Structure formats: C-alpha cells, structure tokens
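Residue-level listing of the chains:
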Amino acid sequence: MSNEEFRAALSRLAAGVVLITAQEPPLDADGRGEDAGMTATAFMSVSLDPPLVMVSVRNDSRMDDLLAEQPLWAVSVLAEDQRLIAARFAMKGRLSDRLLFTEIPHARGEVTGAPLVDGALASLECRTEQRVVAGDHTLVIGRVLAARMPSVPGEPLAYYRGAYRHLDRPGD
C-alpha cells in the first residue's frame, strides 16, 4: 500500500480538532518560556480512571521536542467558528507562535501555565505520563489534572477528507 492510499483511506475518518499548547521552560530564573501551539486531530480519551488522554505528534517536530522536555501541556477543544485558529497553528512555515498567540484571546492554565484558547468548547490541563514512539510519530499520554467546560455555544470543529467541517444537525 502506498502512503497516498493510506492517507486517502484515513481521510474518511472524521476527527475532532484541538489545539495542543505548552510553555517552554524559562531560560533563566526571572523569565517565562515562550508559548508553543500545534493543531491536532489525532487526539483521544484513553482512560477514565485515571483520567488519561493521548495526542500524536510528529517525531522531531517543535512540539515533540518541547513535550519531551516540558511535562505540562494543555488542550483546547476547538469550536466550529475557530477554524482560523486551527489553520494558523497547522500551517507549515508559519510565523512564530509568540506572534500567533498575541492575536488569539487566551488565558493561562492555572495548573500548567499553558495558553487555553477563549471560546473553546472545553479545555484540559495535562501532565505527561508516558511517551511511545510509533513510526514517524510519538504518542504522548497525559494525565488530566484539570478540566474546564465553559458555557460556550456552538458545535465542535471537525476534520474530514482534508478539510475543516461542521457537523450537520437534524433540521439543518
């Protein structure tokens, strides 16, 4: 099977879209590390007890390197009206994450210090429990330390057949 066939087959699996964020460890005692973010569709719940989630990150990517060093990270479950945020953090050769975060309303997680996107359907703060290398990606399994579900109206942002989509609701 070719990479193209594999990619085409799995593009038919709809996935939710999240923004994974973390803060680099500070370079000195007085500073704060730079924020980093990555759009992910390979994200899932793993366990209820203990509460575990998993995200797949490309080996040797900035987020892979950061999560190997920084055990605290966060997840913002994006709403359908946040597709521009998803696209910006998925873009190759993008501006620095620092500049992207200045234009996106967010708050800092109380547990992780990682950015949590305003308007997200839910947010989770996590600590890495395990890293598993799987081919050209690493599966990062995190224990959920805190969860927030703000009362934000809207539906989840989905990814299907290579594009961001919204869910059709009965009667639409």
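To start, this report covers the structure provided alongside it. In every chain, residue numbers begin from 1 and rise along the written sequence. This being a predicted model, a pLDDT of at least 70 is required before a residue's local features are given, and a value of 80 or more before pairs of side-chain atoms are given or counted; all residues contribute to the totals for chains, interfaces and linings. With hydrogens and water stripped out, all remaining heavy atoms of the structure feed into the side-chain values.

## Structural notes on the environment of Arg108
Okay, so step 1: Secondary structure elements follow DSSP: runs of H or I no shorter than four residues count as helices, runs of E no shorter than two count as strands, and numbering proceeds from the N terminus. Among the structural elements, Arg108 can be located in strand β7 (residues 106-108).
Okay, so step 2: Residue class for Arg108 comes out partly exposed when judged on its relative accessible area of 26%.
Okay, so step 3: Measuring from C-alpha to C-alpha, the distance between Arg108 and Ala74 comes to 9.6 Å, with 34 residues separating the pair along the chain.
Okay, so step 4: Any two residues whose heavy atoms approach within 4.5 Å are treated as being in contact. When near neighbours in sequence (up to four residues on either side) are disregarded, Arg108 contacts Gln23, Arg32, Asp35, Gly113, Ala114, Pro115, Leu116 and Arg148.
Okay, so step 5: A polar contact of 2.7 Å, which involves the side chain of Arg108, links it to the backbone oxygen of Gly113. Exposure classes here rest on a 1.4 Å probe applied to the protein chains alone. A residue is buried below 20% of its type maximum, exposed above 50%, and partly exposed in between. Polar contact is the term for a pair of N or O atoms within 3.5 Å; when the atoms are in protein, one must be able to donate a hydrogen and the other to accept it, and sequence-neighboring residues count only if both atoms are side-chain atoms.

## A look at the pattern of salt bridges
Okay, so step 1: For salt bridges, the criterion is a side-chain nitrogen of Lys or Arg within 4 Å of an Asp or Glu carboxyl oxygen. By the definition in use, this model includes 7 salt bridges.
Okay, so step 2: For Arg62, the salt bridge identified is with Glu34, shortest N-O distance 3.8 Å. With Arg62 in helix α2 (residues 62-69) and Glu34 in the loop between β2 (18-23) and β3 (35-40), this residue pair connects regions lying 28 residues apart in the sequence.
Okay, so step 3: We classify Arg62 as partly exposed; its relative accessible area is 35%.
Okay, so step 4: Overall, the relative accessible area of 29% leaves Glu34 in the partly exposed class.
Okay, so step 5: Across the pair Arg143 and Glu129 runs a salt bridge, and its minimum N-O distance is 3.2 Å. In this pair, Arg143 is assigned in strand β10 (residues 137-148) and Glu129 in strand β9 (residues 122-134), connecting sequence segments 14 residues apart.
Okay, so step 6: Within the structure, one salt-bridge network assembled from shared partners comprises Glu24, Glu34 and Arg62.

## Let's talk about the layout of surface pockets
Okay, so step 1: Both site types are read off a 1 Å grid over the protein atoms alone. A 1.4 Å probe that fits but cannot get out defines a cavity, while an open set with protein on both sides within 12 Å along at least five of seven lines defines a pocket; lining residues have an atom within 4 Å of a point. Grid points are joined across faces, edges and corners, and a volume is the space filled by probe spheres set on the points. Taken as a whole, the largest pocket spans an internal volume of roughly 1400 Å³.
Okay, so step 2: Lining the largest pocket are 37 residues, and of these Thr39, Thr41, Ala42, Ser56 and His137 lie nearest its centre.
Okay, so step 3: Secondary-structure elements contributing two or more residues to the lining of the largest pocket are α1 (3-10), β3, β4 (43-47), β5 (52-58), α2, α3 (83-90) and β11 (158-160).
Okay, so step 4: At 5 residues, the largest contribution of residues to the lining of the largest pocket is made by β3.
Okay, so step 5: Under the convention adopted here, Pro, Cys and the residues Ala, Val, Leu, Ile, Met, Phe, Trp and Tyr are nonpolar, Asp, Glu, Lys and Arg are charged, and Gly plus all remaining residues are polar. Partitioned by chemical class, the residues of the lining of the largest pocket number 20 nonpolar, 9 polar and 8 charged.

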